[in-house]
Amino acid sequence: FGYLEENKDVMYLNDAEILLLKQLLPVFYIGMASLAAIEIIRFIVLRDIRATLLRFDAANKRIHNSLASSKKPSHRSSSKRSSKRSNS
């Protein structure tokens, strides 16, 4: 605040305004610390959500692939079907 007191005439400030800025500085620090804490918590929550979604996505792909492979007809049954159709 020494800079403000030395250059108050250039910055169009008076002693009351400089005192007000000194009193508001802790409020500014609390606000910045609160915003930083919110961002840290948001990062942690989003990281956990991402890990959970990736795990579920990988599990869903494995389930889908196993269901798709169990539903595919084998080569023998498909050749029998085609031979029956050609005989008709």
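Cut-offs used in this document
- Residues numbered from 1 in each chain as written.
- Predicted model: local features only at pLDDT ≥ 70, side-chain atom pairs only at ≥ 80, totals over all residues.
- Heavy atoms only, no water.
- Helix = DSSP H or I, 4+ residues; strand = E, 2+ residues; numbered from the N terminus.
- Areas by Shrake-Rupley, 256 points an atom, 1.4 Å probe, with all protein chains shown as cover.
- Phe/Tyr/Trp six-rings, centres within 6.5 Å; stacked < 30°, edge-to-face > 60°.
- Lys NZ or Arg CZ within 6 Å of the ring centre and 35° of its normal.
- Expected span 1.5 Å × (residues − 1).
- Bend = angle between axes of the 7 residues up to and from the residue.
- Polar contact = N/O pair within 3.5 Å; in protein donor to acceptor, adjacent residues only side chain to side chain.
- Salt bridge = Lys/Arg side-chain N within 4 Å of Asp/Glu carboxyl O.
- Buried < 20%, exposed > 50% of the residue type's maximum accessible area, 1.4 Å probe, protein only.
- Patch = residues over 30% accessible without salt bridge, like charges linked within 9 Å, V, L, I, M, F, W, Y side chains within 5 Å.
- pLDDT = per-residue confidence, 0-100.
- Contact = heavy atoms within 4.5 Å.

**Re the overall build of the protein**
- Check the secondary structure of the protein and you find 3 helices and 0 strands.
- Put simply, the protein runs from its N terminus to its C terminus through helices and strands in the order α-α-α.
- Only carbon and sulfur atoms are counted for the fraction: they give 64% of the accessible area of the protein, which is about 8100 Å².

**Regarding the packing of aromatic side chains**
- Considering all chains together, one arrives at 1 aromatic pair under this definition.
- Seen from their ring centres, Phe-28 and Tyr-29 are 6.2 Å apart, and the 50° between their planes marks the pair as tilted.
- Above the face of the Phe-56 ring, Arg-55 is positioned so that its terminal group lies 5.8 Å from the ring centre.

**Some thoughts on helix α2 (residues 15–71)**
- Under the 1.5 Å per step criterion, the end-to-end length of α2 is 82 Å for 57 residues, consistent within 8% with the ideal 84 Å.
- At Leu-24, α2 is bent by approximately 35°, the largest bend along its length, and proline Pro-26 sits one to four residues beyond.
- The N-capping residue of α2, defined by a side-chain oxygen 3.2 Å from the backbone nitrogen of Ala-16, is Asn-14.

**Topic: the pattern of salt bridges**
- Enumeration according to the criterion identifies 4 salt bridges in this entry.
- Between Asp-15 and Lys-8 there is a salt bridge whose closest N-O contact spans 2.6 Å.
- Taking the relative accessible area as the measure of exposure, Asp-15 reaches 52% and is therefore exposed.
- For Lys-8, a relative accessible area of 27% corresponds to the partly exposed category.

**Focus on unusual backbone geometry**
- Its identity is not glycine, yet Tyr-12 carries a phi of approximately 55°, on the positive side.
- Tracing the backbone shows Tyr-12 in the loop between α1 (2–6) and α2.
- Residue Tyr-12 is classed as exposed on the basis of its relative accessible area, which comes to 73%.

**Side note on a nonpolar patch on the surface**
- A cluster of nonpolar side chains, contributed by Phe-28, Tyr-29, Met-32, Leu-35 and Ile-38, occupies part of the molecular surface with about 550 Å² of accessible area.
- Considering the arrangement of structural elements, one finds Leu-35 in helix α2.

**What about the confidence of the model for the protein?**
- In the predicted model, the protein carries a mean pLDDT of 83, and the fraction of residues at 70 or more is 81%.
- Across the protein, the element-wise mean pLDDT spans from 53 in helix α3 (residues 75–87) up to 91 in α2.

**Observations regarding the environment of Glu-5**
- Tracing the chain through its elements places Glu-5 in helix α1.
- Its relative accessible area of 40% is what places Glu-5 among the partly exposed residues.
- Through-space distance from the C-alpha of Glu-5 to that of Leu-19 is 9.9 Å; in sequence the pair is 14 residues apart.
- Setting aside residues no more than four positions away along its own chain, Glu-5 makes contact with Ile-18 and Lys-22.
- Of note is the side chain of Glu-5, whose polar atom sits 3.0 Å from the side chain of Lys-22.

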